[in-house]
Amino acid sequence: MKKFFEVNDATFSSNKEHNIRKINFNISKRGEIICLLGPSGVGKTTILRTIAGLERLKSGEIWLSGQLISSTNVSINPEKRKIALSFQDNCLFPHKNVLENITVGLQKENTRNFLYSPNEILKIFQLEKIKNKFPHEVSSGEAQRVSLARSLISSPDLLLLDEPFSNIDPILKEELQKSIKDILKKTGTSAIIVTHDPNEAFYLADKCGIIINNSLEQFDTPYNIYHFPGTLNVVNFLKRGTLVNVRILSKTQLKHHYLGIINGKFGCSNLNPFNVGNSVKLLIQPEDLHHDDNSKLKLKIIDRKFRGTNFIYTLTTPKKELIPVLVESHHQHFHEKNEEFGIKTPINIDHLVCFEKN
Amino acid sequence: MKYPNHFLDTNKTLYAFVFVIAIFSIIPLFSIIINSTTLNYSYIESSGLFEFFKNSLIILFWVIILTSFFGVFSAYLITFYNFPGVSFFRYALILSFAIPPYIFGYSLSAFFENYGIGYSFFTNFFKLDDANSFLPNLTPITNCILSLSFTLYGYIYLLSKTSFLNQSGNLVDLGKSLGFNSFKKFTNIIIPSARPAIFIGISLVSMETLADFGTVSYFGVSTFTTEIYNSWFIFDDLKTSNFLSLFLLIFVLIFFIIEKISRKNSKFHKLKNDSKNKRLQLNGFSALAAFLFCFSLFFISFIFPFSQMIFWSYKFPEYYKNLNLIRLNLNTFTLILFTSFFIIIFSFIVNFGNRALKSKFLNLISTLSISGYAIPGIIISVSIISFISLMSNLFDVNLKSIFIGTFYGLIIGYFFRFYSISYNSIKSDYLKINYSIDESAYLLGFNKFKTFSEIHWPIMKKNTFFIFVLISIEITKELPITLILRPFNFDTFSTKAYHFASQDLIEAASIPSMFLIFWASILILISFKSFFDDEK
């Protein structure tokens, strides 16, 4: 069965030197939200612009609601696609005030009826007080909210958002993320959101795509991406934990030269073939190991980071392997640098994520 | 299922329009090159190529020196110092744009001639016995240099002033902390930072000087433009005329290229407005000297020629009989309306097309097409005549009766000459509109026409009026194209003034000259604010 939106074997290109090759992803049904994550300059914006029809697709196909909208030979005009794009930079019409800028979105032909009135949208985006101001009179954060509201009110089949919260202050950002997610779900509007903030992506998305080194490294649910990163590139991009050398003892046990036996379940099939006795790299994330002051297994603290609700201690093994451990900030005492730090044994890790050594 | 490709299909009409307009605009350039392949050396030898080459260079050299001094120094005083009348002079000095060099020339010659205005003035007011021996006897070349310098310095004044105002106050403060005095600050900091802007001004002055026909022809100085005119008009030798045009064009293009490079560099020299320069208060002798300098400049460049024209118009009312003033006004306004309409419409089409289509080829030919402002009016006239002759012969159709000595031909001539004013202004307006605004419009369902009418036009319409005013000022002052391409018995203020002045009837020339200055000044005054928009 055809998906609601599909990108098949697509190569995106913003210039001759830079291509993002052979990308496949989809939105299975209306209302689903996709986030594209990746470092700056990797070409995430190019993907959005191509889907919107502002750039040519180099190869492959893009389908929306069963209609081919882009391929090597086909390119439907941007104004005829039922797609809206909210740009990262300010692209408000300078001669129209905030309210007029938003209601321009209502002029688009062949759009579905939108469930919210302009006044409701102004309220949701907290723009009532500035509705009569012109773009040069508002802050960049406010301009970004206007741009978001305008795209949303045009009631597209597919909404593309390029770093939609980059200029918005953190407190308002959380509130807006919730509102937008609610609106998208209520109106059954699908969205592709480009961001470099994993937390934003994990909150908003039904599925995430990680783009690194000109290719889509992983496309999966936020839970799976977080807990079962598919490649070393994804691990490095998300900066989740460190890799240590271990040996496979069985389908549920690994052995580390200093930590000893590690129990758990293999959650993904990064190892192919899976051979008992092989040496592999195990991903240890901060929440995998637990602190125990009374444990005999001790590691030396080399750094401590305060993260509000918790501390992350960076420990080192005698072979200089670095291991992060998360401890709640309400733990009864602090541990200082160079102190010995106890690790609870036996070690049980929910899902073991291993990679081939080479 | 196949869908139209919007990059190739729906924009074909727009592409065709832009292509045709851009190609049409480069006809003068094309025509001169095609028609200058054969040359009548005997005429060149007899007329003395080096004589008029030398004259052109002498005039150019001194005009550059004088306009740079007048323009840069007045802009420096007005930007960095406070003295009596500074706010008035800041605006008043641009009124020199209302005076065409040839009309200034009429005033100058009438003032310094034997028993002229100067003689009467000194005899009546200072009771001098022999005022003629007291007044300097100016050579024709000196008259040309003075006329051109006092009417063209405005370019350098405006550009330098904008550049000075955009200079960072920190830079001047740095000079103070290094112990620089005012002179050293001026030469080591202020001038080097404004150099690209000054170069642009000098290039524009140079192009205007080389293109001048009215002044040099009135004073009988042999230069490129007079020789082009003579070879065609007197000797009926279009080939020589074309060859000289090509030669002059190469010369002018050097300044055109300098101007382009300077414009690019000026972006790098423009400093962020982190702090504004504070104006220094001048007192005593310095304040008086600054006031006198600006007053003299304003007086000589504007009051002197204008008052003289008013005085003669008042003193010799009998010359009104020879003029049909309603007809002259009507002719000028008709030309302004028709030309501006076509120029502005075509400039919008080409600029919008370039923006929407993003075609490198169209961009290239559009850039070539704006070379018109570097091509002197006299060359444009010759090139139109040559081109029409060529086409008439090629297709065996009498195009001459349609385009030569007709209203249409005149409009086309103006189009070639002034198209770049409109094209460049609209282009710079478009550069200020972020391209993602267009893309947002497309994504909100706007087609190209709607994007233009509902997004671009509302943003740019205010400046379009300023473009209209600029074109109007130029058309009101224009002489050689009108002189050569006008229909029989069709006159404007400039041709009428030239007609009388060339017969030594300066008093009669004063009435059309006065009207010309009056209208040009009105046009400048109604768009005053726009002249200073760059300062914001």
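Rules behind the numbers
Residues numbered from 1 in each chain as written. Chains lettered and ligands numbered in written order. Predicted model: local features only at pLDDT ≥ 70, side-chain atom pairs only at ≥ 80, totals over all residues. Heavy atoms only, no water. Phe/Tyr/Trp six-rings, centres within 6.5 Å; stacked < 30°, edge-to-face > 60°. Helix = DSSP H or I, 4+ residues; strand = E, 2+ residues; numbered from the N terminus. Buried < 20%, exposed > 50% of the residue type's maximum accessible area, 1.4 Å probe, protein only. Contact = heavy atoms within 4.5 Å. Buried area = accessible area lost by both parts, 1.4 Å probe. Salt bridge = Lys/Arg side-chain N within 4 Å of Asp/Glu carboxyl O.

Caption draft 1: Structural detail: the packing of aromatic side chains. Per the stated rule, a full pass over the model turns up 57 aromatic pairs over all chains. Where A:Phe25 meets A:Phe219, the ring centres are 5.7 Å apart and the plane angle is 40°; that geometry is what we call tilted. One end of the pair, A:Phe25, is in strand S2 (residues 19–27); the other, A:Phe219, is in strand S10 (residues 215–220), with 194 residues separating them in the sequence. On the basis of relative accessibility, which here comes to 3%, the residue A:Phe25 falls in the buried class. You can call A:Phe219 partly exposed: its relative accessible area is 22%. For the pair B:Phe111 and B:Phe304, a centre-to-centre distance of 5.5 Å together with 80° between the ring planes defines the contact as edge-to-face. Residue B:Phe111 is located in helix H6 (residues 101–112), and its partner B:Phe304 is located in helix H15 (residues 284–315); the two are separated by 193 residues in the primary sequence. B:Phe304 carries the same exposure label as B:Phe111, and that label is buried.

Caption draft 2: Spatial organisation of the interface of chain B and chain A. At the interface, 25 residues of chain B touch 31 residues of chain A. The contact between chain B and chain A buries some 2,500 Å² in all, and 60% of this surface belongs to carbon and sulfur atoms. Counting every contact that joins chain B to chain A gives one salt bridge. A salt bridge links A:Arg49 to B:Glu439, with the shortest nitrogen-to-oxygen separation between them at 2.5 Å.

Caption draft 3: Representation of the environment of A:Tyr258 within the structure. All names here are of chain A. Within the secondary structure, Tyr258 is located in the loop between strand S12 (253–256) and strand S13 (260–266). By relative accessible area, which is 31% here, Tyr258 ends up partly exposed. A sequence separation of 167 residues divides Tyr258 from Cys91, and the C-alpha atoms of the two residues are 57 Å apart. Discounting residues that sit within four places of it in the chain, Tyr258 has contacts with Leu297, Lys298, Leu299 and Pro318.

Caption draft 4: Main features of the environment of B:Tyr320. Residues and elements named next belong to chain B. Tracing the chain through its elements places Tyr320 in the loop between H15 and helix H16 (325–357). The exposure class assigned to Tyr320 is partly exposed, which follows from its relative accessible area of 30%. Expressed as a C-alpha distance, the spacing of Tyr320 and Arg355, which sit 35 residues apart in the sequence, is 51 Å. Once residues lying within four places of it in the same chain are set aside, the contact partners of Tyr320 are Ser313, Leu325, Ile511 and Met514.

Worth remembering: the numbers are spatial, not functional.
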